[in-house]
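Spelled out from the first residue to the last, the chains are:
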2 protein chains.
Amino acid sequence: MPEPIDFYFDYSSPYGYVAAHLIEPLAQRHIREVTWHPILLGPAMKLSGNTPMAGQPLKGAYMRQDVPRLCRRYRLPFTWPEPFPVATVAAVRATIWVGDRDPALAVRFAKALYRAYFGDGRNIGETEQVLAVAAETGLDAAALAAALQDPALKDRTRAAVDAALKLGVFGSPFFLVDEEPFWGVDRLPLMDEWLARGGW
Amino acid sequence: MPEPIDFYFDYSSPYGYVAAHLIEPLAQRHIREVTWHPILLGPAMKLSGNTPMAGQPLKGAYMRQDVPRLCRRYRLPFTWPEPFPVATVAAVRATIWVGDRDPALAVRFAKALYRAYFGDGRNIGETEQVLAVAAETGLDAAALAAALQDPALKDRTRAAVDAALKLGVFGSPFFLVDEEPFWGVDRLPLMDEWLARGGW
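Below you will find a few notes about this structure. Worth saying up front: this structure is predicted, and the values here are computed from it rather than measured. (Residues numbered from 1 in each chain as written. Chains lettered and ligands numbered in written order. Predicted model: local features only at pLDDT ≥ 70, side-chain atom pairs only at ≥ 80, totals over all residues. Heavy atoms only, no water.)

### Quick word on the side chain of Arg187(A)
Link 1 in the chain: Structurally, Arg187(A) is set in the loop between strand S4 (180-183) and helix H9 (188-197).
Link 2 in the chain: Discounting chain neighbours no more than four positions away, the residues touching Arg187(A) are Phe182(A), Tyr15(B), Tyr62(B), Asp66(B), Arg69(B), Leu70(B), Val185(B) and Asp186(B). (Helix = DSSP H or I, 4+ residues; strand = E, 2+ residues; numbered from the N terminus. Contact = heavy atoms within 4.5 Å.)

Written out as structure tokens, the structure reads:
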């Protein structure tokens, strides 16, 4: 059985949102599972001296045009959320907590969080919205709310973000296929070829 | 007759080198010409607060792995030149001078400069190398050497770089298709679709 594809994403990343929509059909064509890794790009940006693309002159303007164009292409609901980008630490912690208990449910939750933010413009930077999306996904929101106060979950989240950074993950989406890195939703066609040919 | 595809590239950009190899077959499939625009990314980087990708932690390491992988994929000769990146102002001025006289020859010259730098590791940051590549391409190197001293060519180059910046060009490769921007060699598949469908 081949190793799963590691899929790293930041909930504030619209390109991660598009990738979350595309990665599973791609993986299935190659009989691969996907391991979803919600992360926070802040530490990687600090280390690499980058800032969020949306706030940069020129690149930010391009992104404003590019993201809706990409979502139209894949018939993916899209709205610019406000605020954007947003701190998604509660969303990441919540997803990790769910994932430790039920990975398949965590994937549904991750998709619902992305959809809430970029599809419906709900502010998933707020813990209440994260809990609301959890409830809509059939999770025990009260248990999750309690877990979000637990220092152990904070440590667990920090460790997960650190582990991604150690693997060289610096953007969203970011993929590892048998340790081979692919950065960006626009690299999916090349990754598709890589999987089909077993590298080159 | 549809408008040509505008192709912006920096000679220090390995992704521009790959794109220079791929753009013409792509354009030909859509019965389009390509207008080649050598530029200098320095002013765009200054404006957007970016630095060359190669020097950034994490991103730089990814690029070191990614570029040779991409060149293997397209069976494109590749070597890491030294120094890299390099100031390519002489190469850009020379290409613009040739392009003002013979655009088709300027395209051959541009490909030869890219090939000299990323294929053969020759330092095209040095004017002597630019002139050597010019001579190998069948150009009048003595006339070019004289032109490179001409303040009018410097002004012409600065104006071309400024014009690109005004159009929002901030990276290499960068394409404009009927004013629609596409950034990055990994966006060529999407641009291909855009051309086929006339947008969406």
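### Structural notes on the nonpolar core
Link 1 in the chain: In terms of nonpolar packing, the biggest core is built from 145 residues, with Phe109(A), Met191(A), Phe109(B) and Met191(B) touching the most fellow members.
Link 2 in the chain: Those residues in contact with Phe109(A) that lie beyond four places of it in its chain are Ala94(A), Thr95(A), Val98(A), Val130(A), Val133(A), Ala134(A), Thr137(A), Leu139(A) and Leu144(A). (Core = buried A, V, L, I, M, F, W, Y, C linked by side-chain atoms within 4.5 Å. Buried < 20%, exposed > 50% of the residue type's maximum accessible area, 1.4 Å probe, protein only.)

### Things to note about unusual backbone geometry
A negative phi holds for most residues other than glycine; trans holds for most peptide bonds.
Link 1 in the chain: Cis peptide bonds are those with omega within 30 degrees of zero, and the linkage from Phe84(A) to Pro85(A) qualifies with -10°.
Link 2 in the chain: Omega for the bond connecting Ser172(B) with Pro173(B) falls within 30 degrees of zero, at 0°, which places this linkage in the cis form.
Link 3 in the chain: Looking at the element boundaries, Pro173(B) is found in the loop between helix H8 (151-166) and strand S3 (174-177).
Link 4 in the chain: Positive phi, close to 65°, is recorded for Leu58(A), a residue that is not glycine.
Link 5 in the chain: Topologically, Leu58(A) is positioned in the loop between helix H2 (42-48) and helix H3 (59-73).
Link 6 in the chain: Using a relative accessible area of 17% as the deciding quantity, one classes Leu58(A) as buried.

### Re the layout of surface pockets
It is the rolling of a water-molecule-sized probe over the atoms that shows where space remains empty.
Residue and element names in this part refer to chain B.
Link 1 in the chain: Each pocket or cavity is described by its volume, and for the second largest pocket that value is around 530 Å³.
Link 2 in the chain: Together, 27 residues line the second largest pocket, and Val-34, Thr-35, Trp-36, His-37 and Pro-103 are the ones closest to its centre.
Link 3 in the chain: Of all elements in the fold, only strand S1 (5-9), helix H1 (14-29), strand S2 (34-38), helix H4 (89-101), helix H5 (103-119) and H8 reach the threshold of two or more residues within the lining of the second largest pocket.
Link 4 in the chain: The element contributing the most residues to the lining of the second largest pocket is S2, with five residues.
Link 5 in the chain: Here the lining of the second largest pocket is composed, by residue class, of 17 nonpolar, five polar and five charged. (1 Å grid on protein atoms, 1.4 Å probe; cavity = no way out; pocket = protein on both sides within 12 Å on 5 of 7 lines; lining within 4 Å. Points joined across faces, edges and corners; volume = space filled by probe spheres on them. Nonpolar A, V, L, I, M, F, W, Y, C, P; charged D, E, K, R; others polar.)

### Quick look at the side chain of Thr95(B)
Link 1 in the chain: Residue placement: Thr95(B) occurs in helix H4.
Link 2 in the chain: Leaving out residues up to four positions away in the same chain, Thr95(B) has contacts with Tyr11(B), Pro38(B), Ala106(B), Phe109(B), Ala110(B) and Leu113(B).

### Notes on the sheet that holds S1(B)
Note on sheets: strands pair through backbone hydrogen bonds, and any given pair is parallel or antiparallel.
Residues and elements named next belong to chain B.
Link 1 in the chain: If you walk across this open sheet you meet the four strands as S2-S1-S3-S4, and the pairing is mixed. Of all strands in the sheet, those bounded by a partner on one side alone are S2 and strand S4 (180-183). Shown here is a sheet whose adjacent strand axes are inclined to one another by a mean of 20°, direction ignored.
Link 2 in the chain: Taken together, the four bridges between S3 and S4 define a ladder with antiparallel strand orientation. Bridge pairing in S4 places Phe-175 opposite Phe-182.
Link 3 in the chain: The strands touched by helix H9 (residues 188-197) are S1, S3 and S4; relative to S3, the strand with the most contacts, the crossing angle is about 5°. (Pairing = 2+ DSSP bridges. Axes fitted to C-alpha atoms, helices over the stretch in contact; angles between N-to-C directions.)

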